[in-house]
Amino acid sequence: MKTIDILCGDVLFAEMLKCELEARGYKASTQKSTAPDLIICDLDAGVSVKGPFVLTFSRDKDADLHRPFDIKELLSLIDEKLSDKSNTPLIETKKSGLYLSPYERGAFYNEEKIELSELEYRLLLYLYNNKKASIDELSREVFGEKSNPNLVRVYINYLREKIDSRFSVRLIKTKRGYGYILGGATENDTD
(Lines give C-alpha, C1' and ligand atoms only; values in the text may rest on other atoms or scores of the structure.)
Protein backbone atom coordinates (compact mmCIF):
# COMPACT_ATOMS: atom_id res chain seq x y z
CA MET A 1 0.00 0.00 0.00
CA LYS A 2 1.44 3.39 -1.07
CA THR A 3 1.62 6.08 1.60
CA ILE A 4 0.82 9.72 0.88
CA ASP A 5 1.33 12.65 3.25
CA ILE A 6 -0.96 15.67 2.88
CA LEU A 7 0.61 18.86 4.22
CA CYS A 8 -2.12 21.47 4.09
CA GLY A 9 -3.08 24.55 6.08
CA ASP A 10 -6.80 23.90 5.54
CA VAL A 11 -7.59 21.06 7.97
CA LEU A 12 -11.01 20.26 6.46
CA PHE A 13 -9.59 20.14 2.92
CA ALA A 14 -6.72 17.90 4.10
CA GLU A 15 -9.20 15.51 5.77
CA MET A 16 -11.33 15.45 2.61
CA LEU A 17 -8.27 14.58 0.51
CA LYS A 18 -7.29 11.93 3.03
CA CYS A 19 -10.74 10.29 2.81
CA GLU A 20 -10.67 10.40 -1.02
CA LEU A 21 -7.21 8.80 -1.15
CA GLU A 22 -8.00 6.13 1.45
CA ALA A 23 -11.16 5.24 -0.49
CA ARG A 24 -8.89 4.56 -3.45
CA GLY A 25 -6.54 2.25 -1.54
CA TYR A 26 -3.80 4.63 -0.44
CA LYS A 27 -2.60 5.04 3.12
CA ALA A 28 -2.97 8.80 3.69
CA SER A 29 -1.81 10.99 6.56
CA THR A 30 -2.30 14.67 7.34
CA GLN A 31 0.99 14.74 9.25
CA LYS A 32 4.60 14.09 8.35
CA SER A 33 5.61 10.45 8.33
CA THR A 34 9.10 8.97 8.07
CA ALA A 35 9.09 7.54 4.57
CA PRO A 36 6.04 8.44 2.46
CA ASP A 37 5.86 7.44 -1.18
CA LEU A 38 4.46 10.86 -2.08
CA ILE A 39 3.89 14.26 -0.44
CA ILE A 40 1.03 16.55 -1.39
CA CYS A 41 1.96 20.08 -0.36
CA ASP A 42 -0.17 23.25 0.06
CA LEU A 43 1.93 26.22 -1.08
CA ASP A 44 -0.69 28.72 0.12
CA ALA A 45 -0.15 27.58 3.72
CA GLY A 46 3.57 28.33 3.45
CA VAL A 47 4.39 24.63 3.30
CA SER A 48 7.28 24.00 0.95
CA VAL A 49 8.88 20.60 0.59
CA LYS A 50 11.17 19.93 -2.35
CA GLY A 51 11.94 16.58 -3.85
CA PRO A 52 11.16 14.30 -6.74
CA PHE A 53 8.03 12.83 -5.14
CA VAL A 54 6.18 15.99 -4.17
CA LEU A 55 2.92 17.33 -5.67
CA THR A 56 2.11 20.98 -4.96
CA PHE A 57 -1.18 22.84 -5.10
CA SER A 58 -2.11 26.50 -4.72
CA ARG A 59 -4.83 29.03 -5.52
CA ASP A 60 -2.52 31.56 -7.17
CA LYS A 61 1.11 30.36 -7.03
CA ASP A 62 2.91 28.29 -9.63
CA ALA A 63 2.09 24.69 -8.65
CA ASP A 64 1.32 21.25 -10.07
CA LEU A 65 -2.40 21.79 -9.36
CA HIS A 66 -4.48 24.94 -8.98
CA ARG A 67 -7.34 25.05 -6.47
CA PRO A 68 -10.07 24.21 -6.99
CA PHE A 69 -9.02 21.05 -8.79
CA ASP A 70 -10.81 17.90 -9.85
CA ILE A 71 -10.02 14.74 -7.85
CA LYS A 72 -9.48 12.88 -11.15
CA GLU A 73 -6.75 15.36 -12.07
CA LEU A 74 -5.10 14.80 -8.68
CA LEU A 75 -5.29 11.01 -9.01
CA SER A 76 -3.78 11.18 -12.49
CA LEU A 77 -0.81 13.20 -11.19
CA ILE A 78 -0.42 10.84 -8.22
CA ASP A 79 -0.31 7.83 -10.57
CA GLU A 80 2.26 9.61 -12.74
CA LYS A 81 4.50 10.54 -9.78
CA LEU A 82 4.28 7.08 -8.21
CA SER A 83 5.06 5.37 -11.52
CA ASP A 84 8.13 7.65 -11.83
CA LYS A 85 9.15 6.48 -8.36
CA SER A 86 8.84 2.82 -9.27
CA ASN A 87 11.13 3.48 -12.25
CA THR A 88 13.77 5.14 -10.07
CA PRO A 89 16.85 2.91 -9.90
CA LEU A 90 17.28 1.29 -6.53
CA ILE A 91 20.62 1.13 -4.83
CA GLU A 92 21.49 -2.46 -4.17
CA THR A 93 23.23 -3.08 -0.87
CA LYS A 94 23.90 -6.17 1.21
CA LYS A 95 21.39 -4.93 3.81
CA SER A 96 18.08 -3.07 3.50
CA GLY A 97 19.69 0.00 1.93
CA LEU A 98 19.52 3.74 1.62
CA TYR A 99 16.45 5.97 1.72
CA LEU A 100 16.38 9.77 1.33
CA SER A 101 13.82 11.84 3.23
CA PRO A 102 12.67 15.06 1.52
CA TYR A 103 11.20 16.33 4.81
CA GLU A 104 14.31 16.26 6.86
CA ARG A 105 16.87 16.71 4.09
CA GLY A 106 18.38 13.61 5.58
CA ALA A 107 19.00 10.00 4.77
CA PHE A 108 18.32 6.66 6.40
CA TYR A 109 20.50 3.60 6.09
CA ASN A 110 18.94 0.41 7.44
CA GLU A 111 16.32 2.55 9.20
CA GLU A 112 19.02 4.56 11.01
CA LYS A 113 18.97 8.33 10.42
CA ILE A 114 21.97 10.14 8.93
CA GLU A 115 21.99 13.91 9.48
CA LEU A 116 23.06 15.78 6.33
CA SER A 117 23.69 19.42 5.49
CA GLU A 118 21.75 20.94 2.58
CA LEU A 119 24.69 20.47 0.17
CA GLU A 120 25.38 16.91 1.35
CA TYR A 121 21.71 16.07 0.81
CA ARG A 122 21.66 17.60 -2.69
CA LEU A 123 24.85 15.75 -3.66
CA LEU A 124 23.55 12.42 -2.36
CA LEU A 125 20.15 12.99 -3.99
CA TYR A 126 21.81 13.66 -7.35
CA LEU A 127 23.87 10.48 -7.07
CA TYR A 128 20.81 8.55 -5.82
CA ASN A 129 18.73 9.62 -8.82
CA ASN A 130 21.50 9.23 -11.42
CA LYS A 131 23.52 6.33 -9.91
CA LYS A 132 26.76 7.78 -11.37
CA ALA A 133 28.07 11.24 -12.26
CA SER A 134 31.27 12.94 -13.35
CA ILE A 135 32.99 15.45 -11.08
CA ASP A 136 32.22 18.25 -13.55
CA GLU A 137 28.55 17.23 -13.70
CA LEU A 138 28.26 17.13 -9.89
CA SER A 139 30.09 20.44 -9.59
CA ARG A 140 27.72 22.11 -12.07
CA GLU A 141 24.43 20.47 -11.04
CA VAL A 142 24.84 20.46 -7.26
CA PHE A 143 27.13 23.37 -6.44
CA GLY A 144 26.47 25.75 -9.35
CA GLU A 145 28.10 26.84 -12.59
CA LYS A 146 31.09 28.63 -11.03
CA SER A 147 31.95 26.11 -8.33
CA ASN A 148 35.32 24.45 -7.87
CA PRO A 149 35.43 20.68 -8.66
CA ASN A 150 37.49 20.22 -5.48
CA LEU A 151 34.34 21.11 -3.53
CA VAL A 152 32.76 17.92 -4.88
CA ARG A 153 35.67 15.85 -3.53
CA VAL A 154 35.35 17.51 -0.10
CA TYR A 155 31.62 16.79 0.12
CA ILE A 156 32.04 13.22 -1.16
CA ASN A 157 34.45 12.70 1.74
CA TYR A 158 31.86 14.13 4.16
CA LEU A 159 29.27 11.66 2.82
CA ARG A 160 31.72 8.77 3.05
CA GLU A 161 32.40 9.63 6.70
CA LYS A 162 28.68 9.80 7.47
CA ILE A 163 27.61 6.71 5.50
CA ASP A 164 30.43 4.43 4.35
CA SER A 165 32.58 4.71 7.49
CA ARG A 166 29.69 4.71 9.95
CA PHE A 167 27.97 1.65 8.49
CA SER A 168 31.04 -0.21 7.17
CA VAL A 169 29.73 -0.20 3.60
CA ARG A 170 31.05 1.07 0.27
CA LEU A 171 28.09 2.88 -1.26
CA ILE A 172 30.07 5.75 -2.76
CA LYS A 173 32.79 4.63 -5.12
CA THR A 174 35.31 6.54 -7.21
CA LYS A 175 35.52 5.73 -10.90
CA ARG A 176 39.00 6.77 -12.08
CA GLY A 177 38.92 9.29 -14.86
CA TYR A 178 35.16 9.75 -14.49
CA GLY A 179 33.70 10.63 -11.11
CA TYR A 180 31.53 8.80 -8.59
CA ILE A 181 29.18 5.84 -8.54
CA LEU A 182 26.53 5.11 -5.92
CA GLY A 183 25.58 1.46 -5.44
CA GLY A 184 26.87 -1.69 -7.15
CA ALA A 185 30.58 -2.08 -7.85
CA THR A 186 32.25 -2.39 -11.21
CA GLU A 187 35.67 -3.78 -12.05
CA ASN A 188 37.37 -0.41 -12.36
CA ASP A 189 36.11 1.10 -9.10
CA THR A 190 38.49 2.29 -6.45
CA ASP A 191 38.24 3.99 -3.09
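Here's a quick rundown of the structure. (Residues numbered from 1 in each chain as written. Predicted model: local features only at pLDDT ≥ 70, side-chain atom pairs only at ≥ 80, totals over all residues. Heavy atoms only, no water.)

**Concerning the packing of helix α3 (residues 118-130) against helix α4 (residues 135-143)**
The condition that has to hold: Lines fitted to C-alpha atoms define the axes, with helix axes restricted to the stretch in contact, and inter-axis angles between N-to-C directions lie between 0 and 180 degrees. Here a strand is any run of E in DSSP of at least two residues, a helix any run of H or I of at least four, and the numbering for each starts at the N terminus. Any angle between 65 and 115 degrees counts as roughly perpendicular, while under 35 counts as roughly parallel, over 145 as roughly antiparallel, and the rest as oblique. Handedness of a crossing follows from how the near helix is turned relative to the far one, being left-handed for an anticlockwise turn of less than a right angle and right-handed for a clockwise one. In this description, contact between two residues means that some pair of their heavy atoms is separated by no more than 4.5 Å. Gly counts as polar in this scheme, as do all residues outside two lists: the nonpolar Ala, Val, Leu, Ile, Met, Phe, Trp, Tyr, Cys and Pro, and the charged Asp, Glu, Lys and Arg.
As a packed pair, α3 and α4 sit with axes 10 Å apart at the nearest point and diverge in direction by 125 degrees. With respect to each other, α3 and α4 are oriented oblique. Seen along the crossing, α3 lies across α4 with a hand that is right-handed. Residues Leu119, Arg122, Leu123, Tyr126 and Leu127 of α3 form the contact with α4, whose own contacting residues are Glu137, Leu138, Glu141, Val142 and Phe143. For the contact of α3 with α4, the residue count by class is 7 nonpolar, no polar and 3 charged.

**Brief notes about the sheet that holds strand β8 (residues 112-114)**
The test is simple: Two strands form a pair only when DSSP identifies at least two bridges running between them.
The antiparallel open sheet is built from 3 strands, whose spatial order is β6-β7-β8. Either end of the sheet is taken by a strand with one partner, and the two such strands are β6 (98-101) and β8. Pairwise comparison of adjacent strand axes, ignoring direction, gives a mean angle of 30 degrees for this sheet. Pairing analysis gives 4 bridges linking β6 to strand β7 (residues 106-109), with the strands arranged antiparallel. Within the sheet, the bridge partner assigned to Leu98 lies in β7 and is Tyr109. Its contacts with the sheet put α3 on β6 and β7, and the angle it makes with β6 is roughly 125 degrees. Those strands touched by helix α5 (residues 149-167) are β7 and β8, and its axis lies near 150 degrees from that of β8.

**Topic: the environment of Ser139**
Basically, it comes down to this: Relative accessibility decides the category of a residue: with a 1.4 Å probe and only protein chains considered, values under 20% of the type maximum give buried, values over 50% give exposed, and everything between is partly exposed.
Mapping Ser139 onto the fold places it in helix α4. Assessed through its relative accessible area of 5%, Ser139 is described here as buried. For Ser139 and Leu151, which are 12 residues apart along the polypeptide, the C-alpha to C-alpha distance reads 7.4 Å. In contact with Ser139, not counting residues within four places along its chain, are Gly144, Ser147, Asn148, Pro149 and Val152.

**Examining the pairing of strand β4 (residues 54-58)**
Consecutive side chains of a regular strand alternate in pointing toward one face of the sheet and then the other. Most of β4 is tucked away, with 5 of its 5 residues classed as buried. Side-chain alternation along β4 places Val54, Thr56 and Ser58 on one buried face and Leu55 and Phe57 on a second face that is also buried. In terms of strand pairing, strand β3 (residues 38-42) meets β4 through 4 bridges, oriented parallel. Bridging across to β4, Ile39 finds its partner in Val54. Two elements, β4 and strand β5 (residues 65-66), share 2 bridges in a ladder whose sense is parallel. Bridge assignment links Phe57 to a residue of β5, and that residue is Leu65.

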